[in-house]
Amino acid sequence: MPIQYYIYLSLALFSIGIIGVLTRRNAIIVFMCVELMLNAVNLLLVAFSKMHHGVALAADPATTAGIDGQLFVFFIMVVAAAEVSVGLAIIVMMYRNVHSVDINFLNRLKN
Amino acid sequence: MSITEILFFFLSALAVFSAIMVLVSRNPVHSVLWLIAVFFAISGHYILLNAQFLAIVNLIVYAGAIMVLFLFVIMLMNINKQTERNKHIWMKLAGAVSGGCFLMVLVSLVRQANDFQEKTALMGTGDIGLIKNLGKALFSDFVVPFEISSVLFLSAMVGAVVIGKKE
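To start, this report covers the structure provided alongside it. Since we're looking at a predicted model, the values are computed, not measured.

Quick look at the overall build of chain A now. For chain A, the helix and strand inventory stands at three helices and zero strands. Of the regular secondary structure in chain A, the N- to C-terminal order runs α-α-α. The C-alpha atoms of chain A give 19 Å as radius of gyration, which overshoots the globular expectation for 111 residues (13 Å, by more than 25%). A total of 111 residues make up chain A; the buried ones form 50% of that total. Here the contacts in chain A between residues at least 6 apart in sequence split such that 51% fall between residues at least 24 apart.

This is the structure we're talking about:
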């Protein structure tokens, strides 16, 4: 499969995530759009790792080139799991204080 | 058209459609369910790319753990009805236009790039995604980041408890 197709798919998912972050005001949905952008990047990393592996395989049949990309995806998932737990705790705390998850209530620092 | 291409386009259409539905759903619970559909489609892409370990980890970690956390938080807050006030249509339009401009710039960049011409991603073959090879690389070359991530998890756990605790 040509690598451009994967790039276009990842770009589409990433842009949908950006539009969600810019247009929605529910903090949980904004957070879910951030997760969507992380997943678009993960998909692109795996596709690039397979592309790199395919190029290196022609020269050396026993190569493991491109395995770094898949391990990066693994570490991104690890960090995302930790990030989600802390982020949801912050959203719960915000709901407890202002009884809403609307991010427009978070402009109190302005004054 | 081979079976791989049919599966690729089906999974791509499913992923993009579900991602759009995440945005336009008024009910946050529906958004979570559509996001789970996106994660399943992306796991299907990983299987097509023969990255089996990542496909399973994506399902277990994202669809299994993170989305359940989201659902629990939404249900605890009882915000499964539409609470979002109607926003100015201009703000939504501005967000959509800026996201579309970003997409347009990057697509035109990729179309002109010489590095991506005639390059293909290996489908179905290549064994770097198997758990044996990934485990060997993870516990030899990447063992220090792996151990550091356990410290990160511990601090995230303590941080979540401290932040979420009642005063």
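Okay, the interface of chain A and chain B next. Every contact between the two is made by 59 residues of chain A and, on the other side, 66 residues of chain B. Put simply, the parts of the chain that give the side of chain A that touches chain B at least two residues each are α1 (3-23), α2 (27-59) and α3 (67-98) of chain A. Sorting elements by how many residues they give to the side of chain A that touches chain B places α3(A) first, with 21 residues. Considered class by class, the residues forming the side of chain A that touches chain B number 43 nonpolar, twelve polar and four charged.

Right, let's talk about helix α1 (residues 3-24) of chain B for a bit. All names here are of chain B. Its 22 residues place the ends of α1 32 Å apart at the C-alpha level, agreeing with the 32 Å of an ideal helix rising 1.5 Å per residue. Buried within α1 are the following residues: Phe8, Ala15, Ser18, Ala19, Val22 and Leu23. In an axial view of α1, the angular spread of the buried residues amounts to 145 degrees, which keeps them on one side of the axis. Residues of α1 that are exposed and angled more than 90 degrees away from the buried face: Ile3, Ile6, Phe10, Ala13 and Val24.

The nonpolar side chains of a soluble globular protein tend to be buried with one another. In this structure, Ile28(A), Met32(A), Leu36(A), Val46(A), Ala47(A), Val38(B) and Leu54(B) are the most contacted members of the largest nonpolar core, which totals 65 residues. Of all the secondary-structure elements, those providing two or more residues to this core are α1, α2 and α3 of chain A together with α1, α2 (28-48) and α3 (52-77) of chain B. Sorting elements by how many residues they give to this core places α2(A) first, with 14 residues. Beyond its immediate sequence surroundings of up to four residues, Val38(B) is in contact with Leu36(A), Asn39(A), Ala15(B), Ser18(B), Ala19(B) and Val22(B).

Turning next to unusual backbone geometry. You will see that Asn50(B), though not glycine, has its phi angle at about 65 degrees, which is positive. Counting through the fold element by element, Asn50(B) comes out in the loop between α2 and α3.

Analysis parameters
- Residues numbered from 1 in each chain as written.
- Chains lettered and ligands numbered in written order.
- Predicted model: local features only at pLDDT ≥ 70, side-chain atom pairs only at ≥ 80, totals over all residues.
- Helix = DSSP H or I, 4+ residues; strand = E, 2+ residues; numbered from the N terminus.
- Rg over C-alpha atoms; globule rule 2.2 N^0.38 Å.
- Buried ≥ 20, exposed ≤ 12 C-beta atoms within 10 Å, placed from the backbone.
- Contact = placed C-beta atoms within 7 Å.
- Nonpolar A, V, L, I, M, F, W, Y, C, P; charged D, E, K, R; others polar.
- Expected span 1.5 Å × (residues − 1).
- Arc of directions from axis to C-beta.
- Core = buried A, V, L, I, M, F, W, Y, C linked by C-beta atoms within 7 Å.

By themselves, these are just geometric observations and shouldn't be taken as functional.
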